[in-house]
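Below are the chains, spelled out letter by letter.
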Amino acid sequence: QVQLVESGGGLVQAGGSLRLSCAASGRTFSNYAMAWFRQAPGKEREFVAAISWSDSTYYSDSVKGRFTISRDNAKNTVYLQMNNLKPEDTAVYYCAGRPGPSGIRVGLYDYWGQGTQVTVSS
């Protein structure tokens, strides 16, 4: 198994930026597809962005053009750069990973972080 730990969440004004980090343990990190999901109060966990082990990236329509997912395999870390944040982006953001291809379904991912809160004020 691998362990994932998110950080970088916080309170930001609309239009601002945050950079989330997900630090992963394990020697197989470079072969994992990684993703970010988010969950707002009263809503189901939803896909935000994913990056494959070959660095192909995928984004939900709601964040495309504003968020950027990247990975640094040397540091065993995945990032989510969030720009032009909107109040609708307020949620707990979760890092997820799986030893295989990327996907947008929650059920595909085997490993999850504890989540980090992102709050965007209007």
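Residues numbered from 1 in each chain as written. Predicted model: local features only at pLDDT ≥ 70, side-chain atom pairs only at ≥ 80, totals over all residues. Heavy atoms only, no water.

Counting residues in hydrophobic clusters, the biggest one holds 28 residues, and the most contacted among them are Met34, Trp36, Leu80, Met82 and Tyr93. Residue assignment for this core shows that the elements contributing at least two residues are β3 (18-24), β4 (33-39), β5 (46-51), β7 (67-72), β8 (77-82), β9 (91-98) and β11 (116-121). (Core = buried A, V, L, I, M, F, W, Y, C linked by side-chain atoms within 4.5 Å. Buried < 20%, exposed > 50% of the residue type's maximum accessible area, 1.4 Å probe, protein only. Helix = DSSP H or I, 4+ residues; strand = E, 2+ residues; numbered from the N terminus.)

Inspection of the entire model under this criterion finds five aromatic pairs. Between Tyr32 and Tyr111 the ring centres are 6.0 Å apart and the planes differ by 35 degrees, which places this aromatic pair in the tilted class. Of this pair, Tyr32 sits in the loop between β3 and β4 while Tyr111 sits in strand β10 (residues 111-112), and the two are 79 residues apart along the sequence. Grouping residues by exposure puts Tyr32 and Tyr111 together as buried. Where Phe37 meets Trp112, the ring centres are 5.1 Å apart and the plane angle is 50 degrees; that geometry is what we call tilted. Taken as a pair, Phe37 in strand β4 and Trp112 in strand β10 lie far apart in primary sequence, 75 residues in all. An aromatic cluster of at least three residues, connected via ring pairs, comprises Phe37, Phe47, Tyr109 and Trp112. The ring of Tyr79 carries the charged tip of Arg19 above its face, separated from the ring centre by 3.9 Å. (Phe/Tyr/Trp six-rings, centres within 6.5 Å; stacked < 30°, edge-to-face > 60°. Lys NZ or Arg CZ within 6 Å of the ring centre and 35° of its normal.)

For Ser56, the location among the structural elements is in the loop between β5 and β6 (57-59). The partly exposed category is assigned to Ser56, whose relative accessible area is 31%. Put simply, Ser56 and Ser70 are 14 residues apart on the chain and 9.5 Å apart in space, counted from C-alpha to C-alpha.

Peptide bonds are trans in most cases, and residues, glycine excluded, mostly fall at negative phi. Phi is positive for Asp55, which is not a glycine, with a value near 75 degrees. On the secondary structure map, Asp55 appears in the loop between β5 and β6. Classification of Asp55 by relative accessible area gives partly exposed; the value is 47%. A positive phi is found at Asn84, a non-glycine position, where the angle reads about 50 degrees. Position of Asn84 among the secondary structure elements: in the loop between β8 and β9.

Strand order in the open sheet made by the four strands is β1-β3-β8-β7, with antiparallel pairing throughout. This sheet does not close on itself; its edge strands, each paired only once, are β1 (4-7) and β7. The sheet shows a mean angle of 15 degrees between the axes of neighbouring strands, direction not considered. Judged from the six bridges that link them, β7 and β8 form a sheet pairing that is antiparallel. Bridged to Ser70 within β8 is Tyr79. (Pairing = 2+ DSSP bridges. Axes fitted to C-alpha atoms, helices over the stretch in contact; angles between N-to-C directions.)

Remember that the coordinates give geometry; whether it matters functionally is a separate question.
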